[in-house]
2 protein chains.
Amino acid sequence: MENGELGKSFLKSYIQKTDGKIVSYFEKKIAEANQVGEIPAQNIAAYVETVRRGKRIRGSLITLGYKLAGGTEEEKIIDASIAIELFHAGVLVHDDIMDRDHIRRGLPTMHKQYEKSGEELEIKDAAHYGVSQAINLADAAYYMSWQTLLESGFSYEDIVNAGKIYADYVLRVVHGQVLDVANLAVRQTTEEKILNVLKYKAAEYTGVMPLLFGAALAGLNDKKVTDAVIRYGLAFGWAFQIQDDILGVFGEEEEFGKPIGNDVREGKNTLLTLYVQQHGTKEQREFLDHCMGNEKISREDVLKVREIMKDCGSYDHVFNLGWQYVEEGKSAVAEVTDNEEIQKILRSLIVYMMERVK
Amino acid sequence: MENGELGKSFLKSYIQKTDGKIVSYFEKKIAEANQVGEIPAQNIAAYVETVRRGKRIRGSLITLGYKLAGGTEEEKIIDASIAIELFHAGVLVHDDIMDRDHIRRGLPTMHKQYEKSGEELEIKDAAHYGVSQAINLADAAYYMSWQTLLESGFSYEDIVNAGKIYADYVLRVVHGQVLDVANLAVRQTTEEKILNVLKYKAAEYTGVMPLLFGAALAGLNDKKVTDAVIRYGLAFGWAFQIQDDILGVFGEEEEFGKPIGNDVREGKNTLLTLYVQQHGTKEQREFLDHCMGNEKISREDVLKVREIMKDCGSYDHVFNLGWQYVEEGKSAVAEVTDNEEIQKILRSLIVYMMERVK
């Protein structure tokens, strides 16, 4: 019976291998930006720490996808995998503007950081300045991400095939984000809508895309393996997202890097809130409703929301669902690869997705 | 002696060839977005008209770059060239958020269009909703742009090489935009800073990038030709940008698609405003200063700014500079290609850049 230890240490080892690379990558990029001007260079420099604090799950999956498809060039795939970390940190910058988030990965969000720079420059509307520069930053991050893939040194054909996967899935992520913004704004949703957002914005993108991206760079061209990778990846993405939603209510700020109960404060519809709305008592539903999207809720309110979710069965329901996905993902592993070492990592990593506290 | 007629009709013919393609491209993309949800599909649909109203200078330059490098697959290069029009319309959506523009290409800017959708959905903060969805739209446009290049059917090597050029130049565009936002905000600048912004944000991007992008898709690998293309493209980009700055003050709304004197109202630093600041009388400088970044200036104020620019020599200075770039570009044409037909188009198109009224 696998636990998440091997997955956790695999991820840790990926972080160690990429950390120095990310830092030296940005040194080069900051120098290039400096040729255009100081402020572009400063803005990129401010971003490095945020990128470094990423969990790097997607980047690590790229290396696994590559290896399960028979790839053997370790250094090259690690370099290429940074493409997805650049994109991911970038798209979160835009997300944070839309969600008006102030904290990300334990740091002020980029638009808040640039707002502060704007204040130092004595700019009249520093908030607008901060948002503008954060929009620019993510735009730059997207194109840095493409550069990283194009310059990765794999065969032209494999690069183009990986790029097609990357573009297709990101396009659906953005459509999912459009839906998410709309759902949040109208504060009225259904299970179908929630699942749709989560599918495109989270599960496919987090689990399937990076594995296929990495596999493409190893030239994977086997429909049976591809199907198994998609099955594993989708289950992985769901397990990841379910634990993310759980941590959005039950996570602790010092570990999770976001304020306690952040999802509730933002009014984010998740499977947890949906279950309360469908199965809670009138009182429970009303209290949750009062808290959803309410920026002024206290720590006590969050603790009470947790209690409600435990009492009405929402927590157990969602928690069990997450573990069902873990089992489903594990059941696909044998078809994904014959390599026992990679099988073990895949099985343990999906378990770790539900065990992680950050 | 060339005039701009041939260039103008070349551009018109490119627009005719691409118009139906853009419409059918978006029909497919709207159907795909609709699989995720109605709102993503609606948001993409709202964007089509804005893309169609583009001048398509950059797309047309891609086809010229391709032909001057010996490419012969007309249909394929036209399809691929749409990549840059998708990007360009997208980056303008982000620009318009930063500049708080309300009109673009004679239509409400995308964030204003989505703000209106938000009002119809009875969303509380419709302005924030509009900005959020416009951020998403451009993100989608970038990845649609990459898809278009990757699926263009050229050789994998040529696609990767074109992609590297595309990513490199766009990254500098974004750095230029960061500087532009900062310069605008601090309202204090120098000729060097203005030229730097214009170089990266406009001249290189508009002139050099699309020509090299197209040439890469024809496998161009000749340093002498590449150097000549860069020389022509840079001159082209400067001529384009100078006329753009002239139209930003002297253009008429019905033709230019932006409110009269838009650049002054936004406080945009250009070579025209810089010349007044350097060579105008105290009174002229003070009047311009009063108008710069002042949203409340009247039509009469704009007319007076025009008069000042004419009187103090700013208009003539900048206009002549534009024509110098035209001459410089024309002088590079013979080294760019031996094909006389393309030579004629290149010579006429750069003239048209300074003759155009929109």
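Cut-offs applied
- Residues numbered from 1 in each chain as written.
- Chains lettered and ligands numbered in written order.
- Predicted model: local features only at pLDDT ≥ 70, side-chain atom pairs only at ≥ 80, totals over all residues.
- Helix = DSSP H or I, 4+ residues; strand = E, 2+ residues; numbered from the N terminus.
- Rg over C-alpha atoms; globule rule 2.2 N^0.38 Å.
- Contact = placed C-beta atoms within 7 Å.
- Least-squares fit on C-alpha atoms with pLDDT ≥ 70 in both.
- Buried ≥ 20, exposed ≤ 12 C-beta atoms within 10 Å, placed from the backbone.
- Axes fitted to C-alpha atoms, helices over the stretch in contact; angles between N-to-C directions.
- Parallel < 35°, antiparallel > 145°, perpendicular 65-115°, else oblique.
- Left-handed = near helix turned anticlockwise from the far one by under 90°.
- Nonpolar A, V, L, I, M, F, W, Y, C, P; charged D, E, K, R; others polar.
- Arc of directions from axis to C-beta.
- Core = buried A, V, L, I, M, F, W, Y, C linked by C-beta atoms within 7 Å.

Enquirer: What am I meant to see in the overall build of chain A here?
Expert: Across its full length, chain A holds 16 helices and two strands. Whereas a compact globule of 358 residues would reach a radius of gyration of roughly 21 Å, chain A reaches 20 Å, a difference of no more than 12%. When its C-alpha atoms are laid out on the principal axes, chain A stretches across 60 × 60 × 30 Å. Put simply, of all contacts in chain A between residues at least 6 apart along the chain, 74% involve residues at least 24 apart.

Enquirer: What should I look at first to understand unusual backbone geometry in this one?
Expert: Excluding glycine, most residues fall at negative phi; most peptide bonds, likewise, are trans. The residue Arg105(A) is not glycine, and still its phi comes out positive at about 55°. Relative to the elements of secondary structure, Arg105(A) occurs in the loop between β1 (103–104) and β2 (107–108). A positive phi is found at Glu122(B), a non-glycine position, where the angle reads about 60°. Considering the arrangement of structural elements, one finds Glu122(B) in the loop between α5 (110–120) and α6 (126–150).

Enquirer: Got a minute to help me understand the relation of the copies chain B and chain A in this structure?
Expert: What connects the two chain copies is a rotation about an axis and a shift along it. Note on the identical chains: chain B maps onto chain A by a rotation of 180° and an axial translation of 0.0 Å, with an RMSD of 0.0 Å. In symmetry terms, the pair is related by a two-fold rotation axis. Every residue of chain B has its C-alpha some distance from the rotation axis, and the shortest such distance is that of Tyr156(B), at 2.6 Å. Interface residue correspondence from chain B to chain A reaches 100%, placing this contact among same-surface, isologous pairings.

Enquirer: Could you clarify how one ought to interpret the environment of Arg265(A) in this entry?
Expert: Residues and elements named next belong to chain A. Within the fold, Arg265 resides in helix α11 (residues 262–266). A tally of 21 C-beta atoms within 10 Å means that Arg265 is categorised as buried. Counting along the chain gives 28 residues from Arg265 to Gly293, while the straight-line C-alpha distance between them is 4.8 Å. Not counting residues up to four positions away in its chain, the partners in contact with Arg265 are Asn294, Glu295 and Ile297.

Enquirer: What is the right way to read the environment of Ala216(A) from this model?
Expert: Residue and element names in this part refer to chain A. Here Ala216 shows up in helix α8 (residues 191–217). The spatial distance from the C-alpha of Ala216 to the C-alpha of Pro108 is 36 Å, given a sequence separation of 108 residues. For Ala216, the contacting residues outside a window of four places in its chain are Asp158, Asn161, Ala162 and Ile165.

Enquirer: Honestly, the packing of helix α12 (residues 271–279) of chain B against helix α13 (residues 282–291) of chain B in this entry has me stumped. Any pointers?
Expert: When two helices pack together, their arrangement is given by the angle between the helix axes and by the axis-to-axis distance. All names here are of chain B. At a minimum axis separation of 8 Å, α12 and α13 run at an interaxial angle of 140°. The angle between α12 and α13 places the two elements in the oblique class. Crossing of α12 over α13 shows left-handed handedness. For the pair formed by α12 and α13, the contact residues are Thr273, Val276 and Gln277 on the first element and Gln284, Arg285 and Leu288 on the second. Among the residues forming the contact of α12 with α13, the class breakdown is two nonpolar, three polar and one charged.

Enquirer: Please clarify how the interface of chain B and chain A should be interpreted in this entry.
Expert: Many structure descriptions define interface size as the accessible area lost when the parts assemble. At the junction of the two partners, chain B supplies 48 residues and chain A supplies 48 residues. Breaking the side of chain B that touches chain A down by element, the ones donating at least two residues are α1 (5–36), α2 (38–52), α4 (74–99), α6, α7 (156–186) and α8 (191–217) of chain B. Top element by residues in the side of chain B that touches chain A is α7(B). It accounts for 20 residues.

Enquirer: What exactly am I supposed to notice about helix α12 (residues 271–279) of chain A here?
Expert: Residues spaced three or four apart along an α-helix point in a common direction, a consequence of the helix completing one turn every 3.6 residues. Within the span of α12(A), buried status applies to Leu271(A), Leu272(A), Thr273(A), Tyr275(A) and Val276(A). Where the residues of α12(A) are buried, they touch α8, α9 (223–250), α13 (282–291), α14 (299–311) and α15 (314–336) of chain A.

Enquirer: Help me understand α13(A), please; the structure alone is not making it clear to me.
Expert: Residues and elements named next belong to chain A. Every buried residue of α13 is accounted for by Gln284, Leu288 and Cys291. Taken end-on, α13 shows its buried residues confined to a sector of 60°, consistent with a single buried face. Exposed and facing more than 90 degrees away from the buried side of α13 are Lys282, Glu283, Glu286 and His290. Buried residues along α13 sit against α11, α12 and α14. At the exit of α13 stands Gly293, carrying a positive phi of roughly 75°.

Enquirer: What am I meant to see in the nonpolar core here?
Expert: Inside soluble globular proteins, nonpolar side chains tend to come together where they are buried. In this structure, Ala215(A), Ala239(A), Ala215(B) and Ala239(B) are the most contacted members of the largest nonpolar core, which totals 242 residues. Sequence-distant contacts of Ala215(B), that is, excluding residues within four places in its chain, are made with Gly65(B), Tyr66(B), Leu68(B), Ala69(B), Leu220(B) and Val229(B).

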